[in-house]
Amino acid sequence: MRVPIIAGNWKMFKTVGEAAGFVREVKGKAEVDGVESVICAPFIHLPVLAEAVKGSSLKLGAQNLHWADSGAYTGEISGVMLQDLGVRYVIIGHSERRAYFAETDETVNAKMHAAFKHGLTPIVCVGEKLEQREAGQTKEVCRIQTGAAFKGLDGAQAAMAVIAYEPIWAIGTGKSSTATDANEVIGYIRQVVEAMFGSAVSAKIRIQYGGSVKPENIREFMRQPEIDGALVGGASLEPGSYIQLVEGAR
Ligand code: PEP
């Protein structure tokens, strides 16, 4: 049985004070048996949130990491630093990082290795652009991105990872994929994982959908057999909405 996972991606929103206030409001509420609830906050929020989530089942995630443990990389944050804070998850290869910060399949793969080295669970994002979807390339794009992300990892690591299938045209646009379409692509991604690591791993790995998920549509996605939760941007920013998302994933 795969435990569904709701991960809020706060992107570059909230001050530290607002973030702490959010956790106070959702503590005990965005915590539902049988659902994992993860808040992926900006780096500077993480020390304060690490204290704020104590005594709850809420988990913390970062939105990026560097592949090196330390070094002359101005402005970067390493897996060593995240692990030291008690961060458990890290988003890797979000389409906004691929589009605006030169993230490539190679850097995604290096970051996957760094995450596992430091006991962090990667939430690795794959997904097609609108023109790729229209050209019928959705599955091919997901196959290439998934294959590259998991290169050189072993089955035990792959089984622990989380993949977020995020069609880029659906992120922050209010246009979500249909639940059945998302289920089909996610089922295909699971086959890609199976071809790489075998069926025991593909049966275990959790694959989320992401792209304009909100309280009104979360249940529809969760009804699909292949979908193991959601990576949510906009609708994860407001406490009431986040609580409903976690409840909807039950
Ligand atoms: C995201 O940031 O990964 C995302 C899916 O954003 P939104 O839910 O706002 O589309």
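Quick caveat: nothing in here was measured; it's all calculated off a predicted structure.

Remarks on the overall build of the chain
Here's step 1: Counting its secondary structure elements, the chain contains 12 helices and eight strands.
Here's step 2: Computed over its C-alpha atoms, the radius of gyration of the chain comes to 17 Å, within 12% of the 18 Å expected for a compact globule of 250 residues.
Here's step 3: Reported as C-alpha extents along the three principal axes, the dimensions of the chain are approximately 45 × 45 × 35 Å.
Here's step 4: Out of the 250 residues in the chain, the part that is buried amounts to 56%.
Here's step 5: Excluding contacts between residues fewer than 6 apart, the proportion of contacts in the chain whose partners are at least 24 apart in sequence is 73%.
Here's step 6: Summed over all atoms, the accessible surface of the chain reaches about 11,000 Å², with 53% contributed by carbon and sulfur.

A look at the nonpolar core
It is characteristic of soluble globular proteins that their nonpolar side chains tend to be buried jointly.
Here's step 1: If you look at the biggest cluster of nonpolar residues, it comprises 67 residues, and the most contacted ones within it are Ile6, Ile39, Phe150, Ile163 and Tyr209.
Here's step 2: Looking at this core, the element that brings in the most residues is helix H9 (residues 179-197), giving seven residues.
Here's step 3: Beyond its immediate chain neighbours, meaning those up to four positions away, Ile163 contacts Val124, Val126, Thr146, Phe150, Ile189, Val193, Ile205, Arg206, Ile207 and Gln208.
Here's step 4: In this structure, Ile5, Val38, Tyr89 and Ile123 belong to the second largest nonpolar core, which totals 11 residues.

With respect to the packing of helix H1 (residues 16-26) against helix H12 (residues 239-248)
Here's step 1: In contact at an axis separation of 9 Å, H1 and H12 are set at 45° when each is read in the N-to-C sense. By the angle between their directions, the pair H1 and H12 is classed as oblique. Relative to H12, H1 is oriented so that their crossing is right-handed. For the pair H1 and H12, the contacting residues are Phe22, Glu25 and Val26 in the first and Pro239, Tyr242 and Ile243 in the second.
Here's step 2: Classifying every residue of the contact of H1 with H12 gives five nonpolar, no polar and one charged.

Details of H12
Here's step 1: In terms of burial, H12 is a largely internal element, seven of the 10 residues being buried.
Here's step 2: Burial in H12 covers these residues: Pro239, Ser241, Tyr242, Ile243, Leu245, Val246 and Gly248.
Here's step 3: Buried residues belonging to H12 abut strand S1 (5-9), H1, strand S2 (36-40), helix H11 (218-222) and strand S8 (229-232).

Looking at the UniProt feature "active site" (unreviewed entry) in the chain
Here's step 1: In this numbering, the UniProt entry assigns the feature "active site" (unreviewed entry) to His94 and Glu166. Look at the named residues: they lie 73 residues apart in sequence, but the longest C-alpha span between them is just 8.5 Å, so in the fold they bunch up. In the annotated group above, the largest cavity draws its lining from His94 and Glu166.
Here's step 2: When you line up the elements, His94 lands in the loop between strand S4 (89-92) and helix H4 (95-100).
Here's step 3: Contact partners of His94, with chain neighbours within four places excluded, come to Asn9, Lys11, Cys125, Glu166 and Ile171.
Here's step 4: Mapped onto the fold, Glu166 is located in the loop between strand S6 (162-165) and H9.
Here's step 5: Relative accessible area serves as the criterion here: at 5%, Glu166 is assigned to the buried category.
Here's step 6: Apart from the residues within four sequence positions on either side, Glu166 is in contact with His94, Cys125, Val126, Gly127, Glu128, Ile171, Gly210, Gly211 and Leu231.

Cut-offs and rules
Residues numbered from 1 in each chain as written. Predicted model: local features only at pLDDT ≥ 70, side-chain atom pairs only at ≥ 80, totals over all residues. Heavy atoms only, no water. Helix = DSSP H or I, 4+ residues; strand = E, 2+ residues; numbered from the N terminus. Rg over C-alpha atoms; globule rule 2.2 N^0.38 Å. Buried < 20%, exposed > 50% of the residue type's maximum accessible area, 1.4 Å probe, protein only. Contact = heavy atoms within 4.5 Å. Areas by Shrake-Rupley, 256 points an atom, 1.4 Å probe, with all protein chains shown as cover. Core = buried A, V, L, I, M, F, W, Y, C linked by side-chain atoms within 4.5 Å. Axes fitted to C-alpha atoms, helices over the stretch in contact; angles between N-to-C directions. Parallel < 35°, antiparallel > 145°, perpendicular 65-115°, else oblique. Left-handed = near helix turned anticlockwise from the far one by under 90°. Nonpolar A, V, L, I, M, F, W, Y, C, P; charged D, E, K, R; others polar. UniProt positions renumbered as here; feature names shortened; annotations may be inferred. 1 Å grid on protein atoms, 1.4 Å probe; cavity = no way out; pocket = protein on both sides within 12 Å on 5 of 7 lines; lining within 4 Å.

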